[in-house]
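Summary of the model geometry
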Amino acid sequence: MGEPAVVITRVAERQWHAVEDDRVVGRGDASRRPDGRIFLSIDAWHGAVFDQLADAMLADLPKPLYTVVDEADPDLTSHWERVGFTTRRREWEYLVPTDPRVTGLGSVLPPSDVTIVAVGEAEEGPLRTLDHVIRDEVEATVGWQEMPAEVLPRLDGATLRDPSKYAVAAQSDGYVGLLRVAPVIRQPRIGLIAVRSDQHRRGIARALLAHVLGSLHRGGIETASAEVNESNGAAMALFDGVGARRASSNLELVLR
């Protein structure tokens, strides 16, 4: 008694509507990410409608299923948990200053045998070679699904999709590190920093970050953003160490 009488209808391959008295009172969507995983979203007026949409979607879709919620929205998180989802990982969004007087990166240089190649100037062949090497190394350890969604491989195996978004660290025989920057208006996003495993602990990631943030600052950009998996201690330490501020956090939930 008191719950809205709604009809749930699958209106498209990946879209559901909840209708009450000819009004749409809830919508559910399923989207397939480049790596093949299916992510759900539900927008509903009432908690009961959320549950009905979720039940219909879960009955129609193959598991595992995923969703992402703002950790500052406990009500939405509890809705997903109520239908069986559990937390898989937490991702922090950082606001990163670009001013070297704030970051302390003004005097940071790469090792003597390494040269930083600016964003958009990397050669595609060597960059793709490094991309595959780093992906293989990550997959052999934590797994590439722990990386940001924007750098996940497509179902056809394609990985690096836009070489113009990368700065790289180069040695005489090839590239050893990379940093991906998405040119979002007013606040570019650092999507990935990675260094070949045999070149770790040489300050290459820090030098890449110093170069890119310095370039952004000279271009009039005061702040960049970055998303970092909480389990990536090295990345967390890198951004914490340059004065970046944790602005928000997202939870990735899964139903297996």
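Cut-offs and rules
Residues numbered from 1 in each chain as written. Predicted model: local features only at pLDDT ≥ 70, side-chain atom pairs only at ≥ 80, totals over all residues. Heavy atoms only, no water. Helix = DSSP H or I, 4+ residues; strand = E, 2+ residues; numbered from the N terminus. Buried < 20%, exposed > 50% of the residue type's maximum accessible area, 1.4 Å probe, protein only. Contact = heavy atoms within 4.5 Å. Areas by Shrake-Rupley, 256 points an atom, 1.4 Å probe, with all protein chains shown as cover. Lys, Arg positive; Asp, Glu negative; His and termini not counted. Charge placed at Lys NZ, Arg CZ, Asp CG, Glu CD. Pairing = 2+ DSSP bridges. Axes fitted to C-alpha atoms, helices over the stretch in contact; angles between N-to-C directions. Right-handed = clockwise from strand over helix to strand, strands pointing away. Salt bridge = Lys/Arg side-chain N within 4 Å of Asp/Glu carboxyl O. pLDDT = per-residue confidence, 0-100. 1 Å grid on protein atoms, 1.4 Å probe; cavity = no way out; pocket = protein on both sides within 12 Å on 5 of 7 lines; lining within 4 Å. Points joined across faces, edges and corners; volume = space filled by probe spheres on them. Phe/Tyr/Trp six-rings, centres within 6.5 Å; stacked < 30°, edge-to-face > 60°. Lys NZ or Arg CZ within 6 Å of the ring centre and 35° of its normal. Core = buried A, V, L, I, M, F, W, Y, C linked by side-chain atoms within 4.5 Å.

**Comments concerning the overall build of the protein**
Of regular secondary structure, the protein possesses six helices and twelve strands. Seen through its C-alpha atoms, the protein measures out along the principal axes to roughly 75 × 40 × 30 Å. Split into buried and exposed, the 256 residues of the protein put 45% on the buried side. Relative to all contacts within the protein whose residues are 6 or more apart in sequence, the contacts with residues 24 or more apart total 68%. For the protein, the accessible surface area stands at approximately 13000 Å², while carbon and sulfur atoms represent 49% of it. For the protein, the separation between the mean place of its 29 positive charges and that of its 38 negative charges on side chains is 3 Å.

**As for the sheet that holds strand β6 (residues 86-97)**
Pairing is mixed in the open sheet, where twelve strands are placed in the order β1-β2-β3-β4-β5-β12-β6-β11-β10-β9-β8-β7. The two strands at the open ends of the sheet, each matched to only one other strand, are β1 (7-12) and β7 (115-117). Going from strand to strand, the sheet's axes swing by 25° on average, the running direction of each strand aside. Examined bridge by bridge, strand β5 (residues 65-70) and strand β12 (residues 245-255) share six bridges and lie antiparallel to one another. Residue pairing for β12: Tyr 66 is matched across the bridge by Val 254. Running over the sheet, helix α2 (residues 74-82) touches β4 (38-44), β5, β6 and β12 and is turned about 160° from β5.

**Overview of the environment of Arg 23**
As for its position among the elements, Arg 23 is in strand β3 (residues 23-32). On a C-alpha basis, the gap between Arg 23 and Val 6 in space is 9.4 Å, while along the polypeptide they are 17 residues apart.

**With respect to the pairing of β5**
In this sheet, β5 lies alongside β4 in parallel orientation, the contact comprising two bridges. Bridge assignment links Ile 38 to a residue of β5, and that residue is Leu 65. Handedness of the crossover joining β4 and β5 through helix α1 (residues 47-60): right-handed.

**Points about the environment of Gly 120**
Checked against the element boundaries, Gly 120 lands in the loop between β7 and α4 (124-139). Judged by its relative accessible area of 44%, Gly 120 is partly exposed. Here the alpha-carbon distance between Gly 120 and Pro 62, two residues 58 residues apart in the chain, equals 40 Å. Filtering out sequence-adjacent residues up to four positions away, Gly 120 remains in contact with Ser 164 and Tyr 166.

**Here we look at the pattern of salt bridges**
In this structure the tally under the stated criterion is 15 salt bridges. Arg 23 serves as the salt-bridge partner of Glu 20, at 3.7 Å between the closest nitrogen and oxygen. With relative accessibility at 14%, the residue Glu 20 sits in the buried group. Judged by its relative accessible area of 40%, Arg 23 falls in the partly exposed class.

**Digging into the confidence of the model for the protein**
The share of residues in the protein with pLDDT of 70 or more is 91%, and the mean pLDDT across the chain is 91. Confidence scores differ between elements of the protein, with α4 showing the lowest mean pLDDT of 91 and β7 the highest of 98.

**Quick word on the layout of surface pockets**
Empty space within the second largest pocket amounts to approximately 210 Å³. Surrounding the second largest pocket, 15 residues form its lining, Leu 105, Gly 106, Val 108, Ala 210 and His 211 being those nearest its centre. For the lining of the second largest pocket, the secondary structure elements donating two or more residues are α3 (100-103) and α5 (204-218).

**Things to note about the packing of aromatic side chains**
Within the structure shown, the criterion is met by four aromatic pairs. Following the ring pairs from residue to residue traces out a cluster consisting of Phe 50, Trp 80 and Phe 85. Sitting over the face of the ring of Phe 39, Arg 33 holds its NZ or CZ atom 3.6 Å from the ring centroid. The cationic tip of Arg 37 hangs over the ring face of Tyr 66; the distance from NZ or CZ to the ring centre is 4.7 Å.

**A word on the nonpolar core**
Within the largest apolar cluster, 31 residues are counted, with the highest numbers of intra-cluster contacts made by Tyr 94, Val 96, Ile 190, Leu 209, Leu 213 and Phe 239. Contributions of two or more residues to this core are made by β6, β8 (166-171), β9 (174-182), β10 (189-195), α5, β11 (223-229) and α6 (233-240). The element contributing the most residues to this core is α5, with eight residues. With residues near it in sequence (within four places) discarded, Leu 213 still touches Val 96, Pro 97, Thr 98, Thr 103, Leu 105, Ile 190 and Ala 224. Residues Ala 30, Ala 54, Met 57 and Leu 253 belong to the second largest nonpolar core, which totals 23 residues.

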